[in-house]
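Fold and geometry: a report
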Amino acid sequence: MKLALIRQRYNPYGGAERFVERAITALAAQDVELSLLTRSWLGSQPGEGAQDCAGAQREGRMIRCDPFYLGRVWRDWSFARAVCGAVKSRNFDLVQSHERIACCDIYRAGDGVHRQWLINRKRAAGLWERVALTLNPYHWYTLAAERRLFQSPRLRAVICNSNMVKQELRRHFDLSEAKLQVIYSGVDLAAYHPGLRQIWRERKREELGIADASTVFLFVGSGFRRKGLPQLLRAMEAVREAHLVVVGTDKELARLQRSAAQAGLSARVHFAGAQDEVQPWYGMADCFVLPTLYDPFPNAALEAMASGLPLITSLQCGAAEFVDSGVEGYVCHDPLDVVELARCLKLAAAPGQAPRMGVAARLRVEACGLEGMARRLTRLYSDLLQEKSR
């Protein structure tokens, strides 16, 4: 089978890119010939060398589509135009896009539903920010691209990485049940495991000056506002003695560091910056916290649970469907409710709670290994090819 995967750009800390990398690795053993259509990809590739989108070819299975652009709207429009031209000129059995581009057979909604994200974001924004969001041409373009994608007669399947996303697509676009396939992202269960605690806990805590008896909450991700870090910092004021470690970077990093200092949290909130390897941080923590305003299903949540960490998140996160409150962690109903978030943190910090819930969290995600993800993807591809041949 010749499968084309579309992803515009590589961010080593991005969830969609990590999904594509894992899919590339997992599908390589499934008799699937992969081509990756992208502007730039610095991580794992489906083959050596590259092939230019415009026609200058080199040996390999990465097709680089990098037309000139200025600004975000032109960037996305020009990439979509170049990719659709490349798809039209090549003989792929199936085209799977991770961008809102209408010339695909399969769309993986890893970024969720932009329409829903704007609704959630406006709810948390002030008046002038809501006006700016409404008038922003990039959001107008993205909403239009999303609409064209889901109205495309070529689109035959949408891969949803959570039931939350599936329900949003049905609500906003009236897509049929048969077209929506929930396939969770895969996690490397051998790389992310509870044994990381024994390897890294003492070492990383010594680096940060955190006592072994202290409860450590961990936040991993970029896009601090979307993932709820401002609310988490305010909630930490009510959780005495506990520490928070923030792994990731963002344009608002300096402002949030100042906010933490002004709240007297400097000794208990540790900003570790972006990290190439996240396993040590899972190993040193007691609980993973992601009170997000909107997140379809973050890979970091899956990795943390596989590493034996309970999860505290919100109903606006697809990973919430993996958590029964008090069993694998806690689910906050409203990501903007700092009091509720603080209550969940206090419950998780109670003696014996985090280790008990961490065991349940690991058991809950053990069905989400890479091989299982690959089997579900190839089964979908096979079904679509059979329909195509009829």
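Residues numbered from 1 in each chain as written. Predicted model: local features only at pLDDT ≥ 70, side-chain atom pairs only at ≥ 80, totals over all residues. Heavy atoms only, no water.

The next thing to look at is the overall build of the protein. Tallying secondary structure elements over the protein gives 14 helices and 14 strands in all. Evaluated residue by residue, the protein yields a buried proportion of 56% over its 390 residues. Taking the contacts inside the protein whose residues are at least 6 apart along the sequence as the reference set, 68% of them involve residues at least 24 apart. As displayed, the protein has an accessible area near 17200 Å², and 51% of this comes from carbon and sulfur atoms. (Helix = DSSP H or I, 4+ residues; strand = E, 2+ residues; numbered from the N terminus. Buried < 20%, exposed > 50% of the residue type's maximum accessible area, 1.4 Å probe, protein only. Contact = heavy atoms within 4.5 Å. Areas by Shrake-Rupley, 256 points an atom, 1.4 Å probe, with all protein chains shown as cover.)

Time to look at helix H12 (residues 338-349). For an α-helix, 3.6 residues make a turn, and residues three or four places apart therefore share a direction. Counted at 1.5 Å a residue, the expected span for H12 with its 12 residues is 16 Å, and the 16 Å between its end C-alpha atoms agrees. The complete set of buried residues in H12 reads Val338, Glu340, Leu341, Ala342, Cys344, Leu345 and Ala348. The residue sitting at the N-terminus of H12 and contributing the capping side-chain oxygen is Asp337; that oxygen lies 3.1 Å from the backbone nitrogen of Val339. (Expected span 1.5 Å × (residues − 1). Polar contact = N/O pair within 3.5 Å; in protein donor to acceptor, adjacent residues only side chain to side chain.)

Per the stated rule, a full pass over the model turns up 10 aromatic pairs. When the ring of Tyr184 is compared with that of Phe322, the centres are 4.9 Å apart and the planes differ by 70 degrees; the resulting orientation is edge-to-face. Remark: Phe322 occurs in the loop between strand E13 (311-314) and strand E14 (329-332) and Tyr184 occurs in the loop between strand E8 (180-182) and helix H7 (196-208); sequence separation between them is 138 residues. For Tyr184, a relative accessible area of 19% corresponds to the buried category. A residue is classified by how much of its surface remains accessible, and Phe322, at 2% relative accessible area, is buried. (Phe/Tyr/Trp six-rings, centres within 6.5 Å; stacked < 30°, edge-to-face > 60°.)

What follows concerns the state of the cysteines. Per the counting criterion, the structure on display carries 1 disulfide. One disulfide bridge connects Cys84 with Cys103, the sulfur atoms lying 2.1 Å from each other. Between Cys84 and Cys103, the disulfide has an S-S torsion of -90 degrees and is therefore left-handed. Taken as a pair, Cys84 in helix H2 (residues 71-88) and Cys103 in the loop between strand E5 (94-97) and strand E6 (106-108) lie far apart in primary sequence, 19 residues in all. A relative accessible area of 25% means that Cys84 is categorised as partly exposed. (Disulfide = S-S within 2.5 Å.)

Quick look at the confidence of the model for the protein now. Residues with a pLDDT of 70 or more make up 89% of the protein, whose mean pLDDT is 89. When the elements of the protein are averaged for pLDDT, strand E3 (residues 51-52) gives the smallest value, 60, and strand E12 (residues 287-290) the largest, 98. Counting interchain partners and residues more than four positions distant, the pLDDT-below-50 stretch residues 44-49 has 15 contacts. Under a pLDDT of 50 for its full length, residues 55-60 has, in the predicted model, 13 contacts with residues more than four places off or in other chains. (pLDDT = per-residue confidence, 0-100.)

In the structure shown here, the tally under the stated rule is 22 salt bridges. We note a salt bridge from Asp334 to Arg123, for which the minimum N-O separation is 2.8 Å. Of this pair, Asp334 sits in the loop between E14 and H12 while Arg123 sits in helix H3 (residues 114-124), and the two are 211 residues apart along the sequence. Judged by relative accessible area, which is 24%, Asp334 ranks as partly exposed. Via salt bridges that share partners, Arg121, Glu129, Arg225, Glu252 and Arg255 belong to a single interconnected network. (Salt bridge = Lys/Arg side-chain N within 4 Å of Asp/Glu carboxyl O.)

The biggest cluster of nonpolar side chains holds 64 residues, and the ones touching the most others in it are Phe217, Leu218, Leu244, Tyr282, Phe288, Ile312 and Leu345. Once residues lying within four places of it in the same chain are set aside, the contact partners of Phe288 are Leu218, Phe219, Val220, Tyr282, Ala300, Ala301, Ala304, Leu309, Pro310, Leu311 and Ile312. (Core = buried A, V, L, I, M, F, W, Y, C linked by side-chain atoms within 4.5 Å.)

Closest axis-to-axis distance for the H2/helix H5 (residues 137-151) pair is 9 Å, and the angle between their directions is 25 degrees. Put simply, H2 runs roughly parallel to H5. The residues of H5 that touch H2, namely those facing Arg72, Val73, Arg75, Asp76, Trp77 and Ala80, are Pro137, Tyr138 and Tyr141. In terms of residue class, the contact of H2 with H5 is made up of 6 nonpolar, no polar and 3 charged. (Axes fitted to C-alpha atoms, helices over the stretch in contact; angles between N-to-C directions. Parallel < 35°, antiparallel > 145°, perpendicular 65-115°, else oblique. Nonpolar A, V, L, I, M, F, W, Y, C, P; charged D, E, K, R; others polar.)

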